[in-house]
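If you want the building blocks of each chain, they are given just below.
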Amino acid sequence: MAHITEDKNFRLPLSIRPRRYAATVTLDMEAKSFTGQQTIELDLDKPSNEIILHANALQLGQVTFRAGGKQWRTSDFRAVPVSETVVLRFNEALPAGSGELDVAWTGRFTEGLRGLYAAGKVAATQFEAADARRLFPCFDEPAFKARWALTVRVPPGLTTLANGALLEDEPDGHLRKLTFQETEVLSSYLVALVCGPLVGTPEEKVQGIPVRTWALPEKAHLTRFGQDAALAALPRLQDYFGLPYAFGKVDQVGIPDFEAGAMENAGLITYREIALLLDPATAPLSVQKRVAEVVTHELAHQWFGNWVTMVWWDDLWLNEAFATWMAYKIVDAWKPDWRVWLDFDAGKAAALHLDALRSTHPIRGEVRNANEAGESFDLITYEKGGAVLRMIEGFLGEDAFREGMRQYMRKHARANAVADDLWRALANASSQPVLELANAWIGQNGYPLVTVGVDGRKVTLSQRRFYSEPGVRSEERWPVPMVLRYSDGAGVREQRVLLREGQATVTLEGSGEVKWVCANAGSTGFYRVAYDAKALEKLAGNLQALAPSERISLLADQWSLVRSGLEPVASFLDLAGRYGNEEDDAVLEELVGRLAYVEGRLVEGEDQKRFQRWVEKLLGAGLKKLGWDSAAGESDRVKLRRAALVRAVGGVARSPEALAEAKPRVARVLQGDKAALEPNLLDAAVGMVARAGDKALFDTLLAKMPGEPDPATQRRYLMALTSFEDPTLAEASRKLLFSDKVKTQDVASFVTGLMGNRTGRDAWWTELQTRWQDVLGRTGRAPMLVRRVVESMGSLRERKQLDEARKLLGGSPVEEAKQATDQTLERLEQDVALRERVMPEVSTWLKRQP
């Protein structure tokens with residue numbers, strides 16, 4: 001009979017639990033190997049003749065259990081690869097109560113970006129979701145929280161960081177022996193080590209918390225902004241939670257090769273360099289905002305996730321959704337001029353797109369094993385989850401929501417909790433039906449399309465599930481918390497409605513003529529809106545009366561109705577044409593993104609040229625008025641408006657005039673003239689110049705890219721190399737993927753760039769099919785990267801390519817990307833069908849334009 005551990009969905013029994021790990025790990029940086037010894041203090045609820053630990057690719061040595069002055073040696077132990085466990089067996093039953101398990105082991109650095117791995121000259125760990133078992137034999141599930149006392153033996157001359165502060169550094173033969181402060185109780189996925197030639201900012205304290213930010217020496221000058229972001233966020237987070245920071249110190253480290261954006265290890269937060277390091281003098285505002293948001297996201301986890309931790313991975317969404325929402329809240333308080341909630345809305349829009357598929361999943365779904373947990377790191381978890389929390393906060397009010405959060409944190413301190421524990425705390429603080437509201441949105445796929453009809457002061461609302469695929473219907477309902485914003489003779493008003501039924505009629509408060517009605521005030525609701533023709537025309541005629549977020553939603557919702565076959569494409573293009581005088585940068589970004597889709601997928605030949613001319617006519621005057629150079633004292637809003645217009649005119653319309661303006665400026669930037677381009681124009685300008693570039697420019701970018709210390713600049717040059725449309729250079733860029741010029745962390749982005757190259761796409765797609773396993777191998781099989789590679793197939797356009805993608809992914813299923821595979825193929829099917837359906841409509845519409 002097979003042992004229970006032979007099931008890949010096996011979970012550890014709760015009858016044996018760790019209290020404390022005392023581990024010593026010795027790193028051989030040259031051989032990329034390690035040895036370890038540890039004592040795990042355990043509690044046994046009942047006698048047992050076996051102990052099961054997680055261990056992956058570790059070679060165990062001597063194992064001894066000690067209790068009550070007696071010792072037991074293992075009679076045998078057996079590794080079970082399918083569950084990544086090792087079963088330690090003893091000849092007689094170990095007694096119930098407290099005991100200590102001594103374990104010795106050896107292992108090797110992981111090939112890839114999980115466990116303990118080499119990131120250039122730096123050794124770093126990445127354990128979430130289930131890779132602590134690659135370095136330590138341990139109870140590697142989030143419910144098993146314990147204290148960790150770590151000692152690390154390393155070669156001299158290197159900086160070594162762990163979760164706790166360094167207590168002692170002493171010689172140990174030819175090595176250094178470093179003893180770190182024991183941690184608070186932690187789940188194993190939050191333990192971390194980093195070792196390498198790192199330098200840190202001077203220690204600064206905020207409310208008694210020491211903070212330092214670390215990087216390789218050549219990038220030390222890029223640490224200040226990330227350090228300041230942490231110093232700004234920590235006091236605000238302590239105030240929000242009403243609890244002090246629990247983990248002694250904060251170290252932030254830029255890792256040269258890193259799978260995710262960052263990882264919230266307690267007291268030792270690790271980052272992809274581009275998510276932490278920047279030069280404020282040259283970084284676009286988008287990069288600064290991204291670093292601030294990621295730093296704050298990871299610090300929010302120190303409370304929500306680290307101090308109170310999920311029981312199992314099915315509540316991973318709550319960790320990530322909360323940190324996503326909280327990061328924007330804190331950054332908005334720090335930098336209100338940044339208007340980061342509009343960036344939050346951009347992420348929400350991407351989640352709305354994904355959640356309109358049949359292959360979507362609930363925010364909270366069944367997770368049977370840690371590998372399935374990995375697939376939960378997606379837009380539904382982060383962005384939809386965050387949007388639903390924001391919607392609930394809006395319904396309860398900020399004060400009640402925060403009080404419920406504080407109750408939850410106090411009750412479950414140092415422990416594990418499930419989502420319903422949070423809902424109960426929020427309900428207790430607000431006296432509102434939070435369970436009904438939350439579970440309807442958390443446990444159910446998709447979201448509603450709210451149809452709005454306006455007749456005088458009566459507004460008819462109806463809801464049904466929204467699908468982006470034409471003709472698909474189902475009858476789900478949601479409790480939809482809506483805020484109607486409208487204008488009448490008394491000014492602009494708001495009215496709240498909880499739409500529970502399939503249809504309802506609301507009488508707007510006040511009297512007189514209603515000039516317009518917006519059915520998603522502030523765009524805080526997670527739903528689409530379809531207005532009747534009269535209501536839509538009134539909104540389109542009063543665009544500037546709407547908030548920027550509402551103008552964005554109006555455009556996005558109309559586009560979604562075209563995709564789903566509920567509106568003709570002309571309705572969207574007519575609406576887009578009303579945005580020609582738009583001056584808000586965030587609204588322009590939305591407009592330019594939609595126009596780029598049309599230009600890239602829905603027009604060809606002469607129609608493509610007609611569309612490009614239409615875009616330039618629509619937005620070119622705005623760029624000419626602003627010019628390319630920033631005036632002294634110019635606001636960020638104006639700089640970002642210029643950047644959006646450059647993307648529109650130079651990127652989408654492919655204006656020869658814009659290209660002629662950009663070329664000499666990019667050349668000067670490459671020669672070291674930082675004043676040649678305002679920083680917010682760099683990405684668009686370098687991309688459009690590379691697109692039309694020659695071999696000399698290709699070679700220059702290729703030479704500069706590897707040694708560029710600034711991560712954003714390095715990425716800009718790397719992605720530009722995928723943009724060259726000269727066939728010979730497009731081929732050269734494809735060859736780079738299989739060289740050491742592209743780091744593992746950048747493989748998925750590079751593949752996506754190659755797939756987006758309109759002259760090189762077909763050749764790359766042919767090569768990718770023949771070298772599919774090589775491409776996957778370049779990711780190190782890191783699940784996040786593998787999923788992004790699969791998702792890059794969404795750039796394909798033709799039905800023949802869709803069929804080939806189905807054959808490739810069906811014939812060679814990617815275990816790490818089952819969900820991403822389903823979603824990518826469904827989305828691509830819809831894109832191909834949309835292209836076939838509306839290309840003639842777009843052509844007809846273009847021919848009607850003056």
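First, a word on what this report is: a plain description of the structure on this page. All residue numbers refer to positions counted from 1 along the written sequence of the respective chain. Only residues with pLDDT of at least 70 get local features here, since the model is predicted, and only at 80 or more are side-chain atom pairs given and counted; chain-wide, interface and lining totals rely on the full set of residues. Side-chain figures throughout are based on the complete set of non-hydrogen atoms in the structure, without hydrogens or water.

1. Quick word on the pairing of strand E27 (residues 491-499)
- Pairs of strands are assigned from DSSP output, requiring at least two bridges between the strands. Starting at the N terminus, helices and strands are each numbered in turn, a helix being any DSSP run of H or I of at least four residues and a strand any DSSP run of E of at least two. Judged from the nine bridges that link them, strand E26 (residues 480-488) and E27 form a sheet pairing that is antiparallel. Across the sheet, Val-480 pairs through a bridge with Leu-499, a residue of E27.
- The turn joining E26 and E27, which pair antiparallel and follow one another in sequence, is formed by two residues.

2. Points about empty space enclosed by the protein
- A cavity here means a set of 1 Å grid points, computed over protein atoms only, where a 1.4 Å probe fits but cannot escape. A pocket is an open set with protein on both sides within 12 Å along at least 5 of 7 lines, and lining residues have an atom within 4 Å of a point. Grid points are joined across faces, edges and corners, and a volume is the space filled by probe spheres set on the points. A complete count under the given rule lists five cavities of 30 Å³ or more for this structure.
- Estimates place the volume of the largest cavity at around 70 Å³.
- Surrounding the largest cavity, Cys-518, Asn-520, Val-529, Tyr-531, Leu-539, Leu-546, Glu-550, Ser-553, Leu-554 and Asp-557 form its lining.
- Among the elements of the structure, strand E30 (528-531) and helix H11 (548-563) are those that each provide at least two residues to the lining of the largest cavity.
- At four residues, H11 tops the list of elements feeding residues into the lining of the largest cavity.
- Under this grouping Gly is polar, as are all residues other than the nonpolar Ala, Val, Leu, Ile, Met, Phe, Trp, Tyr, Cys and Pro and the charged Asp, Glu, Lys and Arg. Class assignment for the residues of the lining of the largest cavity results in six nonpolar, two polar and two charged.
- Put simply, the second largest cavity is a space of about 50 Å³.
- What lines the second largest cavity is simply Glu-375, Phe-377, Asp-378, Arg-787, Arg-788, Glu-791, Gln-819, Ala-820 and Gln-823.

3. Quick look at the sheet that holds strand E28 (residues 503-507)
- The strand order E28-E25-E24-E30 describes an open sheet built from four strands, whose pairing is mixed. Looking at strand neighbours, the two that pair on one side only are E28 and E30, the edges of this open sheet. On average, each strand axis in the sheet is inclined to that of its neighbour by 25°, with strand direction left out of account.
- Both strand E25 (residues 458-465) and E28 contribute to a ladder of five bridges, which runs antiparallel. Residue pairing in the sheet places Thr-460 in a bridge with Thr-505 of E28. Orientation is described by axes fitted as lines to C-alpha atoms, over the contacting stretch for helices, and by angles from 0 to 180 degrees between their N-to-C directions.

4. A short note on the side chain of Arg-551
- As for its position among the elements, Arg-551 is in helix H11.
- Between two residues, a contact is recorded if the distance between any of their heavy atoms is within 4.5 Å. Sequence-distant contacts of Arg-551, that is, excluding residues within four places in its chain, are made with Leu-543, Gln-544, Leu-546, Tyr-579, Glu-582, Asp-584 and Val-587.

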